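Inside the fold
So you can see what is in the structure, the chains are spelled out below.
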Amino acid sequence: MPRLAVDIDPELTFLLPRGRRRSPLEVDAGATDTAGHIVQSLGIPLTEVGELRLDDRLIPRAEQRRAPIGSAALLAVHRRPRPQPHAGRFLLDVHLAALARRMRLLGIDTAYEPDADDGRLADWAAREQRVLLTRDVALLSRAVVPDGALLVHDDVADQLDDVLDRFAPALAPWTRCLVCGEALGAVAAEDVASEVEPGTLRTYRDFARCTGCGRVYWRGAHSRRLEGIVEHARDRVRRSSTAEGGGEALG
Ligand SMILES: [Zn+2]
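Residues numbered from 1 in each chain as written. Predicted model: local features only at pLDDT ≥ 70, side-chain atom pairs only at ≥ 80, totals over all residues.

1. Some thoughts on the sheet that holds strand β12 (residues 216-218)
Applicable threshold: When DSSP locates at least two bridges between a pair of strands, those strands are taken to pair. Helix and strand definitions follow DSSP, with helices as H or I runs of at least four residues and strands as E runs of at least two, each counted in order from the N terminus. Note on geometry: axes are lines fitted to C-alpha atoms, helical ones only across the stretch in contact, with angles between N-to-C directions running from 0 to 180 degrees.
The antiparallel open sheet is built from three strands, whose spatial order is β10-β11-β12. Each end of this open sheet is capped by a strand with a single partner; those strands are β10 (184-187) and β12. Shown here is a sheet whose adjacent strand axes are inclined to one another by a mean of 35°, direction ignored. As paired elements, strand β11 (residues 207-210) and β12 share three bridges and run antiparallel to each other. Residue A208 lies in a different strand from β12, and its bridge partner there is Y217.

Given below as structure tokens:
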């Protein structure tokens, strides 16, 4: 079988099988193998890949799963440019409950279900054209997943920073329910009088109700920690929106 040299962005080599974490890497490849197949067979989901080049030919993202390598001798694999274009809708896998709450706190459209299996997550992402965030390479590599991102951190603060750097999403803090993710609508104090403690009613003036689950929210004394998360996120997005400047066309 012919040999193909695969030149891999240093930011992606950690995904290669242990013992093969070097670049360029020589692989066996047939002329009809697609560039996308070769990349994913090395353990790199295409969601993590920006530009692919076969010798000097650029393979657009949409064609990566279909473009045969033919007689090319070199496949160059670049990482996804940041910020990565997106339509503002995300879906999180079952291990990312804490991240889901923080993204909702920031007003990002974040779908999450604690017991969704991989098949449901992949279909859901496809049906609603959501960006799938997960730590699972196999899930991310499914052809039906429209777009996504591999999260590499354990800690929720690091995960959130990574998402903000990678997507620079529009933020609208305090506008979504932390539990179900739906939008909040402002309500008058008297409309929630029977649902909150009298002390709360006396102390706070800004109340909101979730349009999805009906839960009542108010800007409480315990929210200083959350205020800190919001301020940090605003800063982070401000910096990541201007950092690389490159990006790629949406669609
Ligand atoms: Zn809700």
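2. Description of the sheet that holds strand β2 (residues 25-28)
Read from one edge to the other, the open sheet built from five strands follows the order β2-β1-β5-β3-β4, with strand pairing classed as mixed. Bordering the open sheet on either side are β2 and β4 (57-59), each of which pairs with just one other strand. Averaged over all pairs of adjacent strands, the angle between their axes in this sheet comes to 30°, without regard to strand direction. Two elements, strand β1 (residues 3-8) and strand β5 (residues 74-79), share four bridges in a ladder whose sense is parallel. Pairing of I8 across the sheet is with V77, part of β5.

3. Describing the domain arrangement of the protein
Accessible area lost upon the coming together of the parts serves often as the stated size of an interface. Our working rule: The split into domains, and so the bounds of each, comes from an automatic or database assignment of domains. Each residue gets a C-beta atom placed from its backbone, and two residues are in contact if those atoms lie within 7 Å. In this count, Pro and Cys sit with the nonpolar residues alongside Ala, Val, Leu, Ile, Met, Phe, Trp and Tyr, while Asp, Glu, Lys and Arg are called charged and the others, Gly among them, polar.
Looking at the protein, the domain boundaries give domain 1 (3-79), domain 2 (83-173) and domain 3 (176-223). Taken over C-alpha atoms, the centre of domain 2 sits 26 Å from the centre of domain 3. Residue-level contacts link seven residues of domain 2 with four residues of domain 3. Elements represented by at least two residues in the side of domain 2 that touches domain 3 include exactly α2 (97-105) and β7 (109-112). Each residue belonging to the side of domain 2 that touches domain 3 can be placed in one class, and the counts come to three nonpolar, two polar and two charged.

4. Topic: helix α5 (residues 156-167)
We count it as follows: The span expected for a helix works out to 1.5 Å for each residue beyond the first. Between the buried cut of 20 or more and the exposed cut of 12 or fewer other C-beta atoms within 10 Å of a residue's own C-beta lies the partly exposed class, and all C-beta atoms are placed from the backbone. In this description, the arc belongs to the directions extending from the helix axis to the C-beta atoms.
When the terminal C-alpha atoms of α5 are compared, their 16 Å separation across twelve residues agrees well with the 16 Å that a helix rising 1.5 Å per residue should span. If you check which residues of α5 are buried, you get Q159, L160, V163, L164 and F167. For α5, the angular spread of the buried residues around the axis is 130°, confining them to a single face. Looking one or two places after α5, you find A168, whose phi comes out positive at around 40°.

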